[in-house]
Amino acid sequence: MKSIRKMFTSLRGKAAVLVVAASAAGLAHARSPLVLMSDFGLADGAVAAMHGVALGVDPQLSVSDLTHEIPDFDIWAGAYRLYQTADYWPQGTVFVSVVDPGVGTQRKSIVLKTANGRFFVGPDNGLFTLIAERDGVAEVREIDERVNRLPGSAESYTFHGRDVYAYTGARLSSGQIGFEQVGPRLDNASITLLRHPAARIEDGRIKGGIPVLDVKYGNVWTDIPKPLFEKLAIRPHDRVTVRLRKAGSLVAEVTAPFESSFGQVPKGGELVYVNSLLNVALAVNQGNFAKVHGIESGPDWEVEIAKAP
Amino acid sequence: MKSIRKMFTSLRGKAAVLVVAASAAGLAHARSPLVLMSDFGLADGAVAAMHGVALGVDPQLSVSDLTHEIPDFDIWAGAYRLYQTADYWPQGTVFVSVVDPGVGTQRKSIVLKTANGRFFVGPDNGLFTLIAERDGVAEVREIDERVNRLPGSAESYTFHGRDVYAYTGARLSSGQIGFEQVGPRLDNASITLLRHPAARIEDGRIKGGIPVLDVKYGNVWTDIPKPLFEKLAIRPHDRVTVRLRKAGSLVAEVTAPFESSFGQVPKGGELVYVNSLLNVALAVNQGNFAKVHGIESGPDWEVEIAKAP
Amino acid sequence: MKSIRKMFTSLRGKAAVLVVAASAAGLAHARSPLVLMSDFGLADGAVAAMHGVALGVDPQLSVSDLTHEIPDFDIWAGAYRLYQTADYWPQGTVFVSVVDPGVGTQRKSIVLKTANGRFFVGPDNGLFTLIAERDGVAEVREIDERVNRLPGSAESYTFHGRDVYAYTGARLSSGQIGFEQVGPRLDNASITLLRHPAARIEDGRIKGGIPVLDVKYGNVWTDIPKPLFEKLAIRPHDRVTVRLRKAGSLVAEVTAPFESSFGQVPKGGELVYVNSLLNVALAVNQGNFAKVHGIESGPDWEVEIAKAP
């Protein structure tokens with residue numbers, strides 16, 4: 001009996017050790033991925049400092065990069081990259097987004113929780129426009145920097161990405177704080193949204209915008225969603241006429257077949273297709289549509305699509 | 001006795017919790033690293049979407065990047081980067097490789113298992129040529145997209161890298177599927193291989209190719225392996241004559257010493273050396289051999305090496 | 001009693017399994033982050049080979065990148081990036097740093113432990129100058145390549161970053177070796193330091209250097225620390241006169257307000273501020289100070305700062 005008790009005590013000790021070890025290893029609570037985006041580039045140490053702060057909060061965090069090549073201060077491009085990728089990350093993922101021309105001014109620092117349970121940390125300057133519109137806003141909180149700021153960073157005013165956003169994002173994704181501990185709740189309707197027109201049908205044509213280029217390949221991505229496009233009753237291989245205008249002036253008019261993917265036209269051939277975000281897009285197979293036709297993106301640009309006669 | 005039984009039951013409960021926790025944390029089965037390569041660049045969200053899909057499959061996966069700066073559609077360069085790096089990754093590593101000009105055509109999607117136990121996921125377009133030749137093919141399977149495709153992505157035809165390859169690669173490296181669950185087995189001899197000449201000795205000279213440049217530094221890497229080079233009985237500091245031809249025309253002729261590394265010639269000096277893949281290479285110490293002599297890489301290029309007279 | 005003993009034995013078995021599993025999962029000893037820096041760029045496979053070697057040592061390591069875009073062979077820039085970021089990483093972090101024009105020569109390979117407990121692995125060529133000066137050197141050891149070299153790499157002389165530094169760094173950060181197993185201890189005073197002047201006050205002006213530019217935005221970062229600047233008794237919004245000289249010749253003279261951050265001057269306005277490393281810096285709000293005024297960085301450059309009259 002005594003020996004059993006002794007073995008038992010020894011076993012209980014081991015179990016306790018395991019509980020502690022498991023807890024130390026983070027088995028006790030789930031972590032969410034932390035994803036960083038900025039316009040910092042990777043040539044200096046800014047992004048690495050953010051990674052370091054995050055792993056300082058919790059060395060077992062999974063920290064990934066969305067991109068750090070957002071064009072300088074281009075809030076709209078940042079908004080689009082979040083829109084392009086967030087859906088492919090698990091629920092609970094925390095996105096730290098720093099495109100922040102107003103760092104050090106009175107613009108608020110916020111965490112936005114979407115209706116589908118992802119978190120977006122950054123300046124309230126419009127970066128979260130497309131996410132908020134597509135996914136819906138569950139709740140917004142202003143970051144209380146008195147508690148959610150890297151200890152020792154109080155004298156630094158120019159790098160909120162490191163001192164406030166990476167730190168708060170890491171605390172949230174590690175489970176060290178809950179969403180309600182970010183800071184006071186804001187009115188959902190109070191957040192800054194960038195204005196942009198929505199795609200629509202007029203006179204049997206679809207009019208839409210060019211929010212972004214598929215920069216690497218020069219494909220032109222529109223904001224026309226597949227269901228809207230389908231109202232034109234265009235079938236695979238049908239020819240489509242596309243007019244592209246900048247500030248109202250025609251820049252290019254192209255007629256090309258509607259195909260499911262690049263390989264269905266010869267190399268160098270143009271096509272209209274549904275891109276990987278299920279919006280209508282324009283491309284040259286293994287070529288650069290935007291360069292060939294002088295197309296850029298942004299609020300000045302308009303695209304008009306109709307079935308070719 | 002009762003109290004022991006009670007303690008025991010309580011302890012058993014804890015142990016069970018630990019088993020569950022350990023299993024949830026993935027201690028029950030081993031994960032392999034997942035490595036992503038593409039020609040997407042890092043400026044937009046494409047690579048981040050792939051990372052997100054992988055961590056959505058298993059948030060504890062270790063996901064790394066080989067490079068995403070393969071020149072557009074350059075299957076050969078992709079094949080070389082796999083050849084250059086795969087050996088340095090542990091057995092079981094899963095490489096997702098997307099250089100895919102034929103996305104959306106009938107080219108197959110495959111997973112190739114090498115004889116030394118690494119997995120290569122991607123299009124069957126020649127990307128795995130150099131890996132297959134060096135490491136040997138244990139088995140090839142075609143990806144069955146009915147089961148190995150990101151749920152909800154059925155309408156997307158242009159981003160197999162995200163919807164099929166990252167998803168299948170993550171399932172494989174997390175252990176959620178075994179290799180045999182990828183899809184039906186293919187004939188090993190059926191996979192697409194790019195043709196390229198092998199280095200050889202002719203008349204006391206070695207003739208070989210220039211598969212790739214060491215782009216950052218401008219060093220010229222040949223496909224002449226150290227054991228073949230050793231047949232010329234060239235010793236350290238011996239002078240070597242190198243002729244470089246494009247499409248049969250002489251572009252440069254250089255005589256330089258054979259050295260073990262850069263620092264053994266003065267800054268600006270030329271040398272012949274054995275590179276980090278144990279192939280013969282040409283360099284200027286802290287300079288750019290390729291730029292100085294106008295050398296590029298690819299199937300048009302030939303190099304001829306002999307002991308200087 | 002028998003049944004209890006039986007249950008007990010079974011339970012003990014499970015606990016043993018858990019101990020083994022926990023140990024296999026690395027719960028038994030703590031890992032430190034491993035951070036890689038180089039001038040290799042990300043276009044080829046060099047950095048990926050280093051990641052692979054590290055995960056081959058221990059698949060559960062957390063491996064991050066500081067930057068791989070250090071200008072070719074620019075030891076000073078590498079030294080600055082370590083100085084810029086190391087403080088933001090947890091104690092125990094291991095930095096593998098490869099800017100190594102002398103690879104293959106007699107320059108030593110070392111691991112430096114700072115007084116605050118971080119480890120720096122790389123060539124002894126001055127890369128650790130700024131870290132050593134700011135953080136203090138606890139101990140330096142020369143890497144014994146007979147034991148701390150990737151098995152099978154003995155014939156490779158040109159890629160210490162992969163064969164020696166990533167391998168040794170990974171062993172150290174995984175806890176597979178302790179610091180004393182790196183190799184023999186060196187005299188702390190024996191390590192290579194780059195010479196550079198220190199900022200100082202002369203005749204009521206501060207003279208300092210320009211160690212680096214904030215390359216992405218064109219801000220000019222000086223080596224003048226905030227406490228030294230404060231001796232000029234310049235208050236927020238006070239105007240400051242800055243003279244920038246190269247090799248003694250005046251390149252630019254600017255008078256601008258001292259502000260806490262960019263947003264406090266209009267777009268295009270110049271300002272003097274304290275940067276994220278708490279040194280004095282010069283910027284144009286949403287513009288490029290360095291380009292506008294033709295400023296570069298390095299030992300030739302001098303900056304002189306005084307309160308405007």
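How each quantity is defined
Residues numbered from 1 in each chain as written. Chains lettered and ligands numbered in written order. Predicted model: local features only at pLDDT ≥ 70, side-chain atom pairs only at ≥ 80, totals over all residues. Heavy atoms only, no water. Helix = DSSP H or I, 4+ residues; strand = E, 2+ residues; numbered from the N terminus. Rg over C-alpha atoms; globule rule 2.2 N^0.38 Å. Buried < 20%, exposed > 50% of the residue type's maximum accessible area, 1.4 Å probe, protein only. Areas by Shrake-Rupley, 256 points an atom, 1.4 Å probe, with all protein chains shown as cover. Lys, Arg positive; Asp, Glu negative; His and termini not counted. Charge placed at Lys NZ, Arg CZ, Asp CG, Glu CD. Phe/Tyr/Trp six-rings, centres within 6.5 Å; stacked < 30°, edge-to-face > 60°. Axes fitted to C-alpha atoms, helices over the stretch in contact; angles between N-to-C directions. Parallel < 35°, antiparallel > 145°, perpendicular 65-115°, else oblique. Left-handed = near helix turned anticlockwise from the far one by under 90°. Contact = heavy atoms within 4.5 Å. Nonpolar A, V, L, I, M, F, W, Y, C, P; charged D, E, K, R; others polar. Salt bridge = Lys/Arg side-chain N within 4 Å of Asp/Glu carboxyl O. Polar contact = N/O pair within 3.5 Å; in protein donor to acceptor, adjacent residues only side chain to side chain. Pairing = 2+ DSSP bridges. Expected span 1.5 Å × (residues − 1).

### What about the overall build of chain A?
Here is step 1 of the chain: In terms of helices and strands, chain A carries 7 helices and 16 strands.
Here is step 2 of the chain: Relative to the compact-globule value of 19 Å for 309 residues, chain A shows a C-alpha radius of gyration of 24 Å, a clear excess of over 25%.
Here is step 3 of the chain: Here the C-alpha coordinates of chain A stretch approximately 95 × 50 × 40 Å along the principal axes.
Here is step 4 of the chain: Taking all 309 residues of chain A together, the buried fraction comes to 60%.
Here is step 5 of the chain: Looking at chain A as shown, the accessible area adds up to about 12,200 Å², and 52% of this sits on carbon and sulfur atoms.
Here is step 6 of the chain: A distance of 10 Å separates the average location of the 33 positive side-chain charges in chain A from that of its 33 negative side-chain charges.

### Quick look at the packing of aromatic side chains
Geometrically, a pair of aromatic rings is defined through the distance of the ring centres and the angle of the planes.
All names here are of chain A.
Here is step 1 of the chain: One pass over the structure, following the stated rule, counts 27 aromatic pairs over all chains.
Here is step 2 of the chain: Summarising the aromatic geometry, the rings of Y80 and Y83 are spaced 5.1 Å apart at their centres and angled 55° between planes, so their arrangement reads as tilted. Here Y80 pairs with Y83, and both are found in helix 3 (residues 75-85), just 3 residues apart, close to one helical turn. For the pair shown, Y80 and Y83 are each scored as buried.

### Points about the packing of helix 2 (residues 46-57) of chain A against helix 5 (residues 160-173) of chain A
Residues and elements named next belong to chain A.
Here is step 1 of the chain: Viewed as axis vectors pointing N to C, helix 2 and helix 5 meet at an angle of 40°, and their least axial separation amounts to 8 Å. The pairing of helix 2 with helix 5 is recorded here as oblique in orientation. Every pair of crossing elements has a handedness; the one defined by helix 2 and helix 5 is right-handed. The residues of helix 5 that touch helix 2, namely those facing A49, M50, V53, A54 and V57, are G161, R162, A166, Y167, A170 and R171.
Here is step 2 of the chain: Split by residue class, the contact of helix 2 with helix 5 holds 8 nonpolar, 1 polar and 2 charged.

### Digging into helix 3 of chain A
Here is step 1 of the chain: The buried count for helix 3 of chain A comes to 11 of 11 residues, which makes it a mostly enclosed element.
Here is step 2 of the chain: Taken as a whole, helix 3 of chain A has its buried residues at I75, W76, A77, G78, A79, Y80, R81, L82, Y83, Q84 and T85 of chain A.

### Here's the deal with the side chain of D39 of chain A
Here is step 1 of the chain: Its location among the elements puts D39 of chain A in the loop between strand 1 (34-38) and helix 2.
Here is step 2 of the chain: Buried charged residue D39 of chain A carries no salt bridge. Nearest counter-charge: K216 of chain C, at 5.4 Å.
Here is step 3 of the chain: Reaching out from D39 of chain A, the side chain makes a polar contact with the backbone nitrogen of F73 of chain A at a distance of 2.8 Å.
Here is step 4 of the chain: Sequence-distant contacts of D39 of chain A, that is, excluding residues within four places in its chain, are made with H68, I70, P71, D72, F73, V98 and V99 of chain A together with K216 and Y217 of chain C.

### Looking at the side chain of D44 of chain A
Here is step 1 of the chain: If you trace the backbone, D44 of chain A turns up in the loop between strand 1 and helix 2.
Here is step 2 of the chain: A polar side-chain atom of D44 of chain A sits 2.9 Å from the main-chain amide nitrogen of A46 of chain A.
Here is step 3 of the chain: Aside from chain neighbours lying at most four places away, what touches D44 of chain A is L66, T67, R81, Q84, D214 and V215 of chain C.

### Let's talk about the environment of I191 of chain B
Residues and elements named next belong to chain B.
Here is step 1 of the chain: Looking at where I191 falls in the secondary structure, it is placed in the loop between strand 7 (185-186) and strand 8 (200-202).
Here is step 2 of the chain: Residue I191 is classed as buried on the basis of its relative accessible area of 9%.
Here is step 3 of the chain: Residues I191 and K108 lie 83 residues apart in sequence; the distance between their C-alpha atoms is 9.2 Å.
Here is step 4 of the chain: Aside from chain neighbours lying at most four places away, what touches I191 is I110, L112, D124, A132 and V140.

### Focus on the pairing of strand 5 (residues 119-123) of chain B
All names here are of chain B.
Here is step 1 of the chain: Counting buried residues along strand 5, 5 of its 5 residues qualify, which places the element largely inside the surrounding structure.
Here is step 2 of the chain: Sheet topology places strand 3 (residues 94-98) next to strand 5; 3 bridges connect them, and they run parallel. Residue pairing for strand 5: V96 is matched across the bridge by V121.
Here is step 3 of the chain: In terms of strand pairing, strand 4 (residues 109-114) meets strand 5 through 5 bridges, oriented antiparallel. Paired with V111 across the bridge in strand 5 is V121.
Here is step 4 of the chain: Connecting the antiparallel pair strand 4 and strand 5 is a turn made up of 4 residues, with G117 showing a positive phi of about 85°.

### Let's talk about the pairing of strand 12 (residues 239-246) of chain B
All names here are of chain B.
Here is step 1 of the chain: Of all 8 residues in strand 12, 6 are buried; the element is thus mostly enclosed.
Here is step 2 of the chain: Pairing analysis gives 8 bridges linking strand 12 to strand 13 (residues 249-257), with the strands arranged antiparallel. Counted as the bridge partner of R245 is L250 from strand 13.
Here is step 3 of the chain: Following strand 12, the chain reverses through 2 residues before pairing antiparallel with strand 13; A247 in that reversal takes a positive phi of roughly 50°.

### Thoughts on the sheet that holds strand 10 (residues 212-214) of chain C
Residues and elements named next belong to chain C.
Here is step 1 of the chain: In space, the 4 strands of this open sheet follow the order 10-11-15-14, with antiparallel pairing throughout. For this open sheet the edge positions go to strand 10 and strand 14 (270-274), each flanked by a neighbour on one side alone. When the angles between neighbouring strand axes are averaged without regard to direction, this sheet yields 30°.
Here is step 2 of the chain: Here strand 11 (residues 219-225) pairs with strand 15 (residues 279-284) via 3 bridges, running antiparallel.

### Notes on helix 2 (residues 46-57) of chain C
Residues that lie three or four places apart on an α-helix share one face, since the helix turns once every 3.6 residues.
Here is step 1 of the chain: An ideal rise of 1.5 Å per residue puts 16 Å on 12 residues; helix 2 of chain C measures up with 17 Å between its terminal C-alpha atoms.
Here is step 2 of the chain: Most of helix 2 of chain C sits inside the fold, with 11 of its 12 residues counted as buried.
Here is step 3 of the chain: Of all the residues in helix 2 of chain C, the buried ones are A46, V47, A48, A49, M50, H51, G52, V53, A54, L55 and V57 of chain C.
Here is step 4 of the chain: At its buried positions, helix 2 of chain C is contacted by strand 2 (63-65) and helix 3 (75-85) of chain B together with strand 1 (34-38), strand 2 (63-65), strand 3 (94-98) and helix 5 (160-174) of chain C.

### Regarding the environment of Q176 of chain C
Residue and element names in this part refer to chain C.
Here is step 1 of the chain: As for its position among the elements, Q176 is in the loop between helix 5 and strand 7 (185-186).
Here is step 2 of the chain: Residue Q176 is classed as partly exposed on the basis of its relative accessible area of 42%.
Here is step 3 of the chain: Along the primary structure Q176 and V57 are separated by 119 residues, whereas in three dimensions their C-alpha atoms are 8.7 Å apart.
Here is step 4 of the chain: Dropping the residues within four chain positions of it, Q176 is found in contact with V57, D58 and R171.

### A word on the pattern of salt bridges
All names here are of chain A.
Here is step 1 of the chain: Counted by the stated rule, this structure contains 72 salt bridges over all chains.
Here is step 2 of the chain: Among the ionic pairs, E253 bridges to R243, the shortest N-O distance being 3.1 Å. On the criterion of sequence distance, the pair formed by E253 in strand 13 (residues 249-257) and R243 in strand 12 (residues 239-246) is long-range, its members being 10 residues apart.
Here is step 3 of the chain: Using a relative accessible area of 46% as the deciding quantity, one classes E253 as partly exposed.
Here is step 4 of the chain: One network of salt bridges, in which partners are shared, links R205, R243, R245, E253 and E304.

### A word on the sheet that holds strand 10 (residues 212-214) of chain A
Residue and element names in this part refer to chain A.
Here is step 1 of the chain: Read from one edge of the open sheet, 4 strands run 10-11-15-14, paired in antiparallel fashion. What marks the edges here is a single partner per strand, and that holds for strand 10 and strand 14 (270-274). Between one strand axis and the next, the sheet turns through 30° on average, direction left out of account.
Here is step 2 of the chain: Sheet topology note: the strand 14/strand 15 (residues 279-284) ladder contains 5 bridges and is antiparallel. Among the inter-strand pairings, L271 is bridged to a residue of strand 15, identified as A283.
Here is step 3 of the chain: Seen against the sheet, helix 3 touches strand 10, strand 11 (219-225) and strand 15 and runs at an angle of roughly 55° to strand 10.

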